[in-house]
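One-letter residues, chain by chain:
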Amino acid sequence: MAGLYIHIPFCKQACHYCDFHFSTGTRGREEMVAAICREIALQKDYLAGETLESVYFGGGTPSLLEVADVGRIFDAVHAHFHVADGAEITLEANPDDLSPAKIAGLAATPVNRLSIGIQSFHDPHLRFLNRAHSAREATDCIRLAQDAGLTNLSIDLIYAIPHPDHSVWEADLGKALALQVPHVSAYCLTIEPGTVFGNWLRRGKLPAPDEHFAAEQFERLVGGLSQHGYEQYEISNFARPGWYARHNTNYWKNRKYLGVGPSAHSFDGAGRQYNVANNAQYLKAIKEGRVPGTPESLTPAESANEYIMTSLRTQWGCDTGYVQRQFGFDLLQLNRRYLGNCQQQNLLTIRDGVITLAAKGKLLADRIAADLFIC
Ligand code: SF4
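Thresholds, definitions, all that
Residues numbered from 1 in each chain as written. Predicted model: local features only at pLDDT ≥ 70, side-chain atom pairs only at ≥ 80, totals over all residues. Heavy atoms only, no water. Domains from an automatic or database assignment. Contact = heavy atoms within 4.5 Å. Buried area = accessible area lost by both parts, 1.4 Å probe. Salt bridge = Lys/Arg side-chain N within 4 Å of Asp/Glu carboxyl O. Polar contact = N/O pair within 3.5 Å; in protein donor to acceptor, adjacent residues only side chain to side chain. Nonpolar A, V, L, I, M, F, W, Y, C, P; charged D, E, K, R; others polar. 1 Å grid on protein atoms, 1.4 Å probe; cavity = no way out; pocket = protein on both sides within 12 Å on 5 of 7 lines; lining within 4 Å. Points joined across faces, edges and corners; volume = space filled by probe spheres on them. Helix = DSSP H or I, 4+ residues; strand = E, 2+ residues; numbered from the N terminus. Buried < 20%, exposed > 50% of the residue type's maximum accessible area, 1.4 Å probe, protein only. Pairing = 2+ DSSP bridges. Arc of directions from axis to C-beta. Disulfide = S-S within 2.5 Å. Phe/Tyr/Trp six-rings, centres within 6.5 Å; stacked < 30°, edge-to-face > 60°. Lys NZ or Arg CZ within 6 Å of the ring centre and 35° of its normal. Near = heavy atom within 4 Å. Core = buried A, V, L, I, M, F, W, Y, C linked by side-chain atoms within 4.5 Å.

Let's shift gears to the domain arrangement of the protein. Many descriptions give the size of an interface as the accessible area lost when the pieces come together. Taken domain by domain, the protein comprises domain 1 (2-252) and domain 2 (300-372). Centre-to-centre, using C-alpha coordinates, domain 1 lies 28 Å away from domain 2. Of the residues lining the interface, 11 residues belong to domain 1; the matching set on domain 2 comes to 9 residues. Counting the surface lost from both domain 1 and domain 2, the interface buries some 990 Å², and carbon and sulfur atoms represent 60% of this. Ionic pairing is found between Glu-234 and Arg-313, a salt bridge with its closest N-O pair at 2.8 Å. In this structure, the connection of domain 1 to domain 2 is made through 6 residue pairs in polar contact (both at pLDDT 80 or more). Looking at side-chain class alone, the side of domain 1 that touches domain 2 contains 6 nonpolar, 3 polar and 2 charged residues.

Quick look at the structure:
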């Protein structure tokens, strides 16, 4: 079983923190949809006939598509791939696009899961982030989707937004719980170079991120959601039992996926391919019947390090037996002393050769993964 990712490279406006690939406005939308359909045909053999277990419309802002565009893309998918019965079909959406008509239209397509970019239920924070929606729209769209039968909902939240105390973050978590969404993805605000926040930081208009404040908010997140029955199955992802995101879980488990659209990545089990992150160049190549993808073959050490980085973030942990079989490295032997120290500090556990981060270790996940990297 494999996954299909479809990148829709349009947004209404640039959020101040975002460094994803998109252009503002939807000029050329129809041409882009046609090109994506063409790429789906060109890439039909990439997954070697594997059935699709998940399809994910990401971006950018896929909810800027017309419902008919979604239908057109699905016609192309069904023409060239076998989609499993009950496959998870997710579309990322922003609250300001989710009118009652749009939700009703989407509910009539194969889309059966929405991932909604809420980020905050607090208007001043939404303005600070330069989001295009209000707190009211955030709440309303969740209720509208639930009323339309789209109950498989995930919402994105951002924590560590500068504020004198934790009151807004606690209110955001309370709101998410009250709305009874089964899946929450929560990300720490990071400041990326080249973004508006990156420029503000460089010019002293924004304070440097406060790691201590972020750690306190992360603890509130984990504590608050776990008290209400959510499982932290990946460091940033929480779900009620039975509501894990299948598409993302497959990334973390190193399964195959095809990515189509500008800037999309693919993985065929052995190597990766990166589509050009430029809309005009993408359209030109597809028009010429070429996939504008750059293949990247990873060394065994690079592949092992990718696996260590992603698997350590999950509840399934890093299976050192898999690392040995797949890449030829004995992680336990190579890091015997370091892992012993981490166990003593209650940062992780090792059971049947699987390294799993403990609560304290999750705060240091990137550092621990880097320490385990094979040089
Ligand atoms: S966060 Fe989402 S909506 Fe905002 S600019 Fe980035 S891709 Fe677009």
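Another point: empty space enclosed by the protein. Using a probe with the size of a water molecule, rolled over the atoms, empty space left in the structure can be pinpointed. Going through the model one piece at a time under the given rule, you end up with 1 cavity of 30 Å³ or more. Quantified by volume, the largest cavity comes out at close to 60 Å³. When residues of the lining of the largest cavity are traced back to their parent elements, those giving at least two are strand 7 (153-159), helix 6 (167-178) and helix 8 (211-227). Per-element tally for the lining of the largest cavity: the top contributor is helix 6, with 3 residues. In the lining of the largest cavity, the residues fall into 7 nonpolar, 3 polar and 2 charged.

This next bit is on the environment of Gly-59. Mapped onto the elements of the fold, Gly-59 is located in strand 4 (residues 52-59). Here the alpha-carbon distance between Gly-59 and Phe-22, two residues 37 residues apart in the chain, equals 7.2 Å.

This paragraph deals with the pattern of salt bridges. A complete count under the given rule lists 15 salt bridges for this structure. Among the ionic pairs, Lys-44 bridges to Asp-45, the shortest N-O distance being 3.7 Å. The class for Lys-44 is partly exposed, based on a relative accessible area of 40%. A relative accessible area of 59% means that Asp-45 is categorised as exposed.

Another aspect to go through is the pairing of strand 16 (residues 348-351). Along a regular strand, successive side chains alternate from one face of the sheet to the other. When strand 16 meets strand 17 (residues 354-357), the two strands line up antiparallel, connected through 4 bridges. Across the sheet, the residue bridging to Arg-351 is Val-354, located in strand 17. Between strand 16 and strand 17, which pair antiparallel in sequence order, lie 2 residues; one of them, Asp-352, sits at a positive phi of approximately 50 degrees.

What follows deals with helix 12 (residues 320-327). Within the span of helix 12, buried status applies to Thr-320, Tyr-322, Val-323 and Phe-327. Here the buried residues of helix 12 occupy an arc of 155 degrees about the axis, which is enough to place them on one side. Its buried side turned inward, helix 12 meets helix 11 (300-312), strand 15 (318-319), helix 13 (331-334) and strand 17. Sitting at the amino-terminal end of helix 12 is Asp-319, which places a side-chain oxygen 2.9 Å from the backbone nitrogen of Gly-321. Positive phi appears at Gly-328, one or two residues downstream of helix 12, with a value of about 85 degrees.

Another point: the state of the cysteines. If you walk through the whole model with that rule in mind, you get 0 disulfides. For Cys-342, which is in no disulfide, the shortest distance to another cysteine sulfur is to Cys-318 and amounts to 13 Å.

In this section: the sheet that holds strand 15. Reading across the sheet, the 3 strands line up as 15-17-16 and stay open at both edges, with antiparallel pairing between neighbours. The open sheet has two free edges, formed respectively by strand 15 and strand 16, since each of these has just one partner strand. In terms of strand pairing, strand 15 meets strand 17 through 2 bridges, oriented antiparallel. Following the sheet pairing, Cys-318 is matched in strand 17 by Ile-355.

The next subject is the packing of aromatic side chains. In total, this model carries 15 aromatic pairs according to the counting rule given. What links up through ring pairs into an aromatic cluster is the set Tyr-233, Tyr-244, Trp-252 and Trp-316. Directly above the aromatic system of Trp-316 lies the positively charged group of Lys-253, at a separation of 4.3 Å from the ring centroid. Between the NZ or CZ atom of Arg-272 and the centre of the ring of Phe-267, over which it lies, the distance is 4.3 Å.

In this section: the site of the ligand. Taken together, Cys-11, Gln-13, Cys-15, Tyr-17, Cys-18, Phe-22, Gly-60, Thr-61, Asn-94 and Arg-131 form the complete shell of residues around the ligand. In terms of residue class, the shell around the ligand is made up of 5 nonpolar, 4 polar and 1 charged.

The subject of this paragraph is the layout of surface pockets. In this structure, the second largest pocket spans a volume of roughly 170 Å³. In terms of lining residues, the second largest pocket is bounded by Asn-254, Phe-267, Gly-269, Ala-270, Arg-272, Leu-298, Ser-303, Glu-306, Tyr-307, Tyr-322, Gln-326 and Phe-327.

What follows is about the environment of Gly-25. Relative to the helices and strands, Gly-25 resides in the loop between strand 3 (23-24) and helix 1 (29-42). Classification of Gly-25 by relative accessible area gives partly exposed; the value is 28%. For the pair formed by Gly-25 and Thr-314, sequence separation is 289 residues and the distance between their alpha carbons is 36 Å. When residues no more than four places from it in sequence are discounted, the contact partners of Gly-25 are Phe-10, Cys-11 and Lys-12.

This paragraph deals with the nonpolar core. Within the largest apolar cluster, 89 residues are counted, with the highest numbers of intra-cluster contacts made by Ile-73, Leu-114, Ile-142 and Ile-155. If one sorts the elements of this core by residue count, helix 1 sits on top with 6 residues. The residue makeup of this core includes at least three contributed by each of domain 1 (2-252) and domain 2 (300-372). Listed in part, the 13 residues of the second largest apolar core include Cys-18, Leu-189, Ile-191 and Trp-200.

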